[in-house]
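# Topology and contacts: notes
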Amino acid sequence: MKQKLIQAALLSGLLATGSAFAGSPSPQALSFTCAGCHGFNGASVGPASPSLAGLPRDFFIDAMVAYQEGTRPATVMDRIAKGYTLEEIQAMADFFASQTYTPAQQSYDASLVSAGKSIMERRRSCGTCHEEGGTFGIEDLPQIAGQWSPYIRFSIQDFREFGRPMSDDKARPIEALSASDIEAVVAYLASKQDPALYQHDH
Amino acid sequence: MIKFNRRQFIKAAGLTGVAAGMPLTAACAANHGGGSAKGRVVIVGGGTGGATAARYIKHLDPAIDVTLIEAGQTHHTCYFSNLVIGNLRTLDSIEQRFDNLRASGIKVVNQKATAIDTNAKTVTTADGQSHGYDRLIVSPGIDFANNIEGYDEAAHEIMPHAWKAGPQTALLKQQIQAMPENGVVVIAAPPNPFRCPPGPYERASLIANYCKQHKPRAKVMIIDAKDAFAKQGLFNQGWQRHYGDMVEWVSGANTNGGVKRVNPGAMTVHTEFDDIKADVANVIPAQKAGRIAELAGLTNEGGWCPVNFKTFESTLVSDVHVIGDAAIAGPMPKSGYIANSHGKTVALAIVDIMNGRDPGQPSFLNTCYSLLTSEQAISVAAVWGLDANGEVVTKNAGLTPMDASDAFLAREVEYAKSWYKNLVSDAWG
Ligand SMILES: Cc1cc2nc3c(=O)[nH]c(=O)nc-3n(C[C@H](O)[C@H](O)[C@H](O)COP(=O)(O)OP(=O)(O)OC[C@H]3O[C@@H](n4cnc5c(N)ncnc54)[C@H](O)[C@@H]3O)c2cc1C
């Protein structure tokens, strides 16, 4: 009985939300417009623009707000993010968080994978926060394995050269990477192409 | 078809205690002679707008019967056709097929629509078949207005417009490659409004990019009908930096409105003041909505289709929606990205209507990349919504900054390639 009441409340709540916010577009109406760069339901087919499907809600919101405020380097997302209210960003964050992460099917240098693995697993390196080979992020961090390789390279460059803010925990390992380390890490992350690797019970 | 407004629908759902959409499925099915379909949507034009609308309607509600009518067997996207002309991509790489849409349950009819009867609610195709609809979406792209004397169908084969991609694209590319080393390419740029505002200038850039390597003494001359154009500052900066005086732009003010007449036999183009001899003449005429929109009574005196921005339903004919280049869309440009955005808006609206819900508020986004060279691109991006009166309002808009670094402009090339790949896979599956 209690269950039924909650369900009824939810149903009428949903309908009521629809009319109360008649002025705001639905999460789908907002999120569908990103697909031309980020892929159908946020699963990018590459070769460079990142997938949004499965991004943690808070990471997504922080990213969009940082683009709006100009605190995160961007080629185009600063101009796009400024077109949305915080409520709209939250609605899109929920939409994309509920989509299934699809690891990129891309080529990589297989000879670098084991070197990349050791770099990730060094003490106080990337793997401290990007756990399980980068297929899982602690707190609100996203999975970085399976993301498109050019995007991983651009992101590392943003941290090192273009002033993307980072905590000390992040700065130390990122600044320690040599150019060949970066390529090894990129290859290792790209090698994680089986969707089953991303199913965790954390 | 039984129509519910929101209040009636909530009441019905409340009374019967059935979840959203359920009672209407039954009601509509009964109205269509017992078939399982909730309603029939016919779409004319399998380009970016039409393909997107078809895919998203089927995705949002598989019980709706969707028929896509496209004149060609395949569709070549106009976007990235300038890369084909500039020898950076093959024509095959911009060819889209309909197999994935078919596999998702959409009926694809590869026939030209020859007539639309908006009273009987049928579309007739060249093979004589008639296709009945409850809702029709028209996304036919553009046709040409006759603003240039002598530019008839035969002239298209000598002085290609290449403003519809396919054989015209191949012809222009082939002519540029065959011209003498010091050849003159004349681009006659059209008056507003036209599809892809930065298109002629990206084309000039990529022809110059090709000539710089293969025909360094060539010249690319843009004779414009207009006095200003999209991304003008950025293009000028790029041209100066990469091509020096190889690219020359002549403002409409200097010729009193650009090219007025052509003589294909003599390979000359004529403004009110000058006669110019070209080795390659790329003549882009003024534009209007695709012919079928005009035949169906969807166009106004200016040749374009007025619509309601919430649903893209024609303001002239009910139950017919017009999207993409053919629609008058306020400040939104005629671009592939926006045709894709319209396609989703109309899909959401029609699915709402066929499920007895009021259509929700739309949100629109556009981004157009233009390549300056094979290594550098620039972009424009904008977000729009509707105000309380249903008018389109700009939420934000911006260009690539002037003086951006090489690294920035190189990233834009990588993201432009991603834009292409994701956009076509969003539309055609
Ligand atoms: C050179 C060039 C470069 C461009 N670059 C960009 C770019 O970088 N970015 C961008 O966003 N946009 C770009 N565009 C614009 C973009 O191509 C168009 O805005 C977009 O294709 C519009 O989509 P649409 O659905 O309205 O029409 P289209 O995509 O043209 O589709 C119309 C379809 O309808 C079919 N059709 C027409 N009449 C009938 C009929 N009677 N029966 C059956 N089928 C019919 C046609 O065969 C065609 O397949 C460019 C355009 C050009 C010309």
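Above this note sits the structure.
Attention in this report is confined to the structure presented alongside it. These numbers were taken from a predicted model, which means no experiment stands behind them. (Residues numbered from 1 in each chain as written. Chains lettered and ligands numbered in written order. Predicted model: local features only at pLDDT ≥ 70, side-chain atom pairs only at ≥ 80, totals over all residues. Heavy atoms only, no water.)

## Observations regarding the site of the ligand
Residues and elements named next belong to chain B. Around the ligand there are 34 residues in total, and Glu-70, His-75, Arg-195, Asp-325 and Gly-336 lie nearest to it. A distance of 3.0 Å separates a nitrogen atom of the ligand from a polar backbone atom of Ala-71. One of the side-chain N or O atoms of His-75 is found 2.8 Å from an oxygen atom in the ligand. Secondary structure elements with two or more residues in the shell around the ligand: helix H3 (48–60), helix H4 (81–85), helix H11 (336–354) and strand E22 (364–371). (Near = heavy atom within 4 Å. Polar contact = N/O pair within 3.5 Å; in protein donor to acceptor, adjacent residues only side chain to side chain. Helix = DSSP H or I, 4+ residues; strand = E, 2+ residues; numbered from the N terminus.)

## Comments concerning the pairing of E22 of chain B
All names here are of chain B. Burial analysis of E22 places 8 of its 8 residues in the buried class, which makes it a mostly covered element. Both faces of E22 are covered, namely the face carrying Phe-364, Asn-366, Cys-368 and Ser-370 and the face carrying Leu-365, Thr-367, Tyr-369 and Leu-371. Examined bridge by bridge, E22 and strand E23 (residues 377–386) share 8 bridges and lie antiparallel to one another. Across the sheet, residue Leu-371 finds its bridge partner in E23, namely Ala-377. Turn length for the E22-E23 hairpin, with the two strands adjacent in sequence and antiparallel, is 5 residues. (Buried < 20%, exposed > 50% of the residue type's maximum accessible area, 1.4 Å probe, protein only. Pairing = 2+ DSSP bridges.)

## A word on the interface of chain B and chain A
Taken residue by residue, the interface counts 40 residues in chain B and 41 residues in chain A. The junction of chain B with chain A conceals about 3500 Å² of combined surface from both sides, 61% of it contributed by carbon and sulfur atoms. The three residues of chain B that bury the most area against chain A are Arg-411, Tyr-415 and Asn-422 of chain B, which together make up 19% of that side's buried surface. With its nearest N and O atoms 3.0 Å apart, the salt bridge here joins Arg-411 of chain B to Asp-158 of chain A. Run the count over chain B and chain A and you get 19 residue pairs in polar contact (both at pLDDT 80 or more). Counting residues per element, the ones that place at least two in the side of chain B that touches chain A are helix H1 (6–16), H3, H11, E22, E23, strand E24 (392–399) and helix H12 (406–428) of chain B. In terms of residue count, H12 of chain B provides more of the side of chain B that touches chain A than any other element does, 14 residues in total. Looking at the side of chain B that touches chain A residue by residue, the class counts come to 18 nonpolar, 12 polar and 10 charged. (Contact = heavy atoms within 4.5 Å. Buried area = accessible area lost by both parts, 1.4 Å probe. Salt bridge = Lys/Arg side-chain N within 4 Å of Asp/Glu carboxyl O. Nonpolar A, V, L, I, M, F, W, Y, C, P; charged D, E, K, R; others polar.)

## Looking at the sheet that holds strand E6 (residues 113–117) of chain B
Residues and elements named next belong to chain B. As summarised here, the arrangement of the 3 strands in space is E6-E7-E8, forming an open sheet in which the pairing is antiparallel. The outermost strands of the open sheet, each flanked by one partner alone, are E6 and strand E8 (130–132). Averaged over all pairs of adjacent strands, the angle between strand axes in this sheet comes to 20°, irrespective of strand direction. (Axes fitted to C-alpha atoms, helices over the stretch in contact; angles between N-to-C directions.)

## Focus: H12 of chain B
Residues and elements named next belong to chain B. For H12, spanning 23 residues, the distance from its first C-alpha to its last is 33 Å, which sits close to the expected 33 Å at 1.5 Å a residue. Taking burial as the measure, the 23 residues of H12 include 17 buried ones, the bulk of the element. Just downstream of H12, Gly-429 is the residue with a positive phi angle, here 85°. (Expected span 1.5 Å × (residues − 1).)

## Here we look at the sheet that holds E22 of chain B
Residues and elements named next belong to chain B. Strand order in the open sheet formed by 3 strands is E22-E23-E24, with antiparallel pairing between adjacent strands. Looking along the sheet, the strands with just one partner apiece sit at the ends: E22 and E24. Put simply, the sheet's adjacent strands are angled 15° from each other on average, direction ignored. With 7 bridges joining them, E23 and E24 adopt antiparallel strand pairing. Across the sheet, the residue bridging to Val-383 is Asn-396, located in E24.

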